[in-house]
Every structure is written in C-alpha cells, then in structure tokens.
Amino acid sequence: MDYKEQYQKRCVTPGQAVSHIRSGDRISINNAAGEALVLVEALMERKQSLRDVEIVQMIPMGNSPFAQPGMEKYFRHNSLFVGGATRGTIEAGHGDYTPCYFSRIPTLFDAALPLDAAFIHVSLPDEHGYCSHGVSVDYAKHAAECAKLVIAQVNPEMPRTLGDSFIHISDIDYIVETKQPIPVLNPPVISEVEKKIGEYCASLIQDGDTLQLGIGAIPDAVLLFLKDKKDLGIHSEMFSDGVVELVEAGVINNSKKTLHQGKSIATFLMGTRRLYDFVHNNPAVEMYPVTYVNDPLVIARNDNLVSINSCVQADFLGQVVSDTVGSKQISGVGGQVDFVRGAYLSKGGRSIIAMPSTTKDLKTSKIVPFINEWSAVTTSRNDVQYIITEYGIADLWGYTIRERARKMIHIAHPAFRDELAEQFEARFHQPF
Ligand code: COA
C-alpha cells in the first residue's frame, strides 16, 4: 500500500479519534506550541463518558480545560511544568506536579509513566510519508514511539523542521486533519531593568560562543546586546524570534560550533509565525529529541557553551530557586539544570542565572539569606556559576560560602542591602 492510501485509511474526525480513549488511560499531550488543541477539545467534548483519565504535559500553551476546577472526576492533570493556565489548579490541589529534568521526561514514559495514548501535532507528510514533529520534538517523538495508541493532528501550518524530527504515517493510528494556526508567543516587552541585566549577561559572551537561552524577557534582552558579536552558535532547548533576527543579521552563523557546525540545534520552538516560517524546511536548523539536546554530556561537546536562565530567588549560598514561590509551584525545572551542568562540563563553558533583584512591585528582594520555607532548590550551590541582577555579576564558582554571601549582597537591590548585611553578620559572626 502506498503512503497516500495508508494516510487516507487513518483519517478520522476528532470525535472518532478520541473515542478510542478509555477511562483510566494516561495520555501525553505535546509541549508548548506543539499542543494538539483540536484533539484536546474533542476529548473535552466526550468527558461525560470518561473517568480518571491522566493527562501528562509540560508547558501548557492552551487554556488547559482538563485542568480546571470541576474536571477532577474526568481528568487528573499530572503537570511536568506548570504554566499560567495550570498554576491555580496545582495550587488548589486539583492537579499535581511531577519533578523531572526535561532531558529525562521521555524516560518517565518508559518506566514510571507508561502511556496509553499520545496526542501529537505534526506537519503534512512528505513524498515518502514522513510527518515532522515540527515545533515540538522534545518528548513528543518518544511518546509516539512508546504509547499504545498514537493520534496525530496533521496541520499544514506546522513547519516541517528537520533533524531527528520525523514520524512515518504507518506509525500513527489515527489522523485528524486540521488547518489551524500554531500557537504564538509574542516577543515580551523588555523593561529597563531587564535591559541592564541583558547587558551584563552579554558582557560574558565572546565571539564564537554557543548559546542556550531560556524563555522570556531576559533572554530576549541579552540578544539586544549581541548585535556586535561574531560567529555565535545555538544549542538550546528552545529558541524564539530574537534568534531569527541575529541569524539574519549574520551574528549567529554556527560556524565555530564544535558539534553540529553550521546548524542551530533545539528541541522545541515558541515564537511568532516569523519563527515558524524561518525553521520550515531550513537545513540550518535541526531539531532533536530532548534526551539528546538536553543531555549534559551532549551539551558539553559544544566548546564555549554559555547557558542563560532565570530564577525567582537565590540565597547567600548560591542556591537557586526557579520553579517555586514557597509552596506554590509556578513553573518547572525544565532544562535549567541540564544546561547548567552541560555548560559546567563544556570546555570554556559558562552558566548564567539572571534575575531582577526584586519582584516587580519592588517589595521583595529576590536575594535572600535563605530560601523560603517549602521552596525547592532548582540549581544547587554546587552547580551554580554566575548570578546576575541589574546591579552586577556575582561569580560564585570556586568561592567560599562567606565570599558568596558578600557577592550576593553586592548585587542585591540597595533598598535591601543593610538588612541583608545584618543577616550576614548574624550568620557568619563577623562584620559585613
Ligand atoms: N517572591 C514572590 N513572588 C515571586 C518571586 C519572589 N521572589 N519571584 C517571582 N515571583 C512571582 C512573580 O510576581 C510572578 O507572579 P505573577 O505571575 O502572579 O505576576 C511569578 O512569580 C513569576 O515570576 P516572573 O518573574 O514574572 O517570571 P518570568 O516569567 O520572568 O519567568 C522563571 C522566570 C524563573 C519562572 C522562568 O524562567 C522559569 O520557569 N525558569 C525555570 C525553567 C528554566 O529555566 N528552563 C530553562 C529554559 S526554557
């Protein structure tokens, strides 16, 4: 049977596709912009006939209807990265969070969380019958390899990204054809504080470095200050529109990379249509599963790897809290630790954790003597290297805990420095 026949045989309506889900099943839903929204909607429509369906997902981009109050009878949300749509749910106990490094999420599906079904979202098939996982290869590819049932939303809007990013239609059980825009993440508004932080981060980046950038205003602010650099490379769990600008400006060309020279490497993408058009069929961009991109030993094969991520709190010891505010789970570990460790092992590598010195209302210092009760350490003091705020750079690597505390106070907001100095004196029994 040629692939067109195989394709046609698998095409069903959304309702028919999700009719194969049973009570008690565990389903993985794609990460971020790869979420198959049509399949989620169809699943919600038949919720009355379901009980205890467990939904596992990393970053939610849609409104996560299955995770809203009142849905507990039908669905159990097991979050691998809490987002805006699910923070309230997890906080109220209507769903749960499972801590796991991003690089290890596919291995959860092999052991702790075997999948009954995977809802994936892919491009149109090519002339050989292969669809691309597009903007979300990360755990989606492995989910489709190990789930008992694979349901794909096939969408001409999904870019055909290259690399180890393909699934053959013979490996899909049911296909739902849709034409739907890929969810968009608009570039953030960058504040003066974030600009200053971006400038400090950029001061640690040299020509020829390979970069990993997290999501949000700070990574985008860093990119603003890289316009005069040369021969930069990308090996990042994700990237957004800012990278496209620097490729077009000739700043990022991947020419000095020691792994995948000439290619930008990522495992997922989030941005605007401009980004999705840029990566479509682009041989200069390759997407791989997260077990590869985020493996610290793979990251380390890139000499001069600089990782830049953000956090919500850091203490005198350099313990970094990125995904909890006290007992509230606000996001997830994602790839932060994967990349901090990869950068640590990379020849010439550097890892940066960057954050504003206070919360937006200026009322709370993000630099504290000790992390909040119930908060969880994301990056440990043994792994941390540079911490940056709008007041400067604290290089903690190789420094004693007392020296670290002094450096941290120097990059705290001036309004909190006296109080922090008193805490220093109480803790270390000597003048600040
Ligand atoms: N005390 C109390 N509340 C705090 C706080 C603190 N020290 N720091 C942040 N918050 C609150 C903010 O007010 C905000 O609340 P709101 O949404 O109700 O306004 C919320 O926590 C999120 O903080 P914000 O600073 O707006 O987050 P951000 O969008 O800049 O993202 C991280 C920062 C740390 C949450 C994000 O980078 C992350 O999740 N990192 C971990 C994962 C990672 O690094 N992955 C690798 C790259 S993809």
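What you are looking at is a predicted structure, and each value in this text was computed from that prediction instead of being measured.

**Brief notes about the pattern of salt bridges**
- A complete count under the given rule lists 18 salt bridges for this structure.
- One salt bridge in this structure joins lysine 141 and glutamate 145, with 2.9 Å as the shortest N-O distance. Within this pair, lysine 141 and its partner glutamate 145 are both found in helix α6 (residues 140-146), separated by four residues, close to a single helical turn.
- The exposure class assigned to glutamate 145 is exposed, which follows from its relative accessible area of 51%.
- Across the salt bridge formed by arginine 274 and glutamate 248, the nearest N and O atoms sit 2.8 Å from each other. Linking arginine 274 in helix α10 (residues 273-279) with glutamate 248 in helix α9 (residues 241-248), this pair joins segments that are 26 residues apart in sequence.
- Judged by its relative accessible area of 36%, arginine 274 falls in the partly exposed class.
- Each of the salt bridges in this network shares a partner with another, and the network as a whole consists of Glu157, Lys179, Arg273 and Asp277.

**Notes on the domain arrangement of the chain**
- Each assigned domain of the chain is listed here: domain 1 (3-177) and domain 2 (192-428).
- Here the C-alpha centre of domain 2 lies 29 Å away from the C-alpha centre of domain 1.
- Of the residues lining the interface, 32 residues belong to domain 1; the matching set on domain 2 comes to 35 residues.
- Here domain 1 packs against domain 2, burying approximately 2700 Å² in sum over the two surfaces, 64% of which is carbon and sulfur.
- If you sort the residues of domain 1 by the area they bury against domain 2, Tyr101, Phe102 and Leu162 come out on top, with a joint share of 20%.
- At the junction of domain 1 and domain 2, the tally comes to one salt bridge.
- A salt bridge links arginine 273 to glutamate 157, with the shortest nitrogen-to-oxygen separation between them at 3.6 Å.
- Counting across the interface, domain 1 meets domain 2 through 14 residue pairs in polar contact (both at pLDDT 80 or more).
- The set of elements that each furnish at least two residues to the side of domain 1 that touches domain 2 consists of α4 (87-91) and β8 (162-163).
- Ranked by residues supplied to the side of domain 1 that touches domain 2, first place goes to α4 with three residues.
- Residues of the side of domain 1 that touches domain 2, tallied by class, amount to 18 nonpolar, seven polar and seven charged.

So, how was this worked out
- Residues numbered from 1 in each chain as written.
- Predicted model: local features only at pLDDT ≥ 70, side-chain atom pairs only at ≥ 80, totals over all residues.
- Heavy atoms only, no water.
- Salt bridge = Lys/Arg side-chain N within 4 Å of Asp/Glu carboxyl O.
- Helix = DSSP H or I, 4+ residues; strand = E, 2+ residues; numbered from the N terminus.
- Buried < 20%, exposed > 50% of the residue type's maximum accessible area, 1.4 Å probe, protein only.
- Domains from an automatic or database assignment.
- Contact = heavy atoms within 4.5 Å.
- Buried area = accessible area lost by both parts, 1.4 Å probe.
- Polar contact = N/O pair within 3.5 Å; in protein donor to acceptor, adjacent residues only side chain to side chain.
- Nonpolar A, V, L, I, M, F, W, Y, C, P; charged D, E, K, R; others polar.

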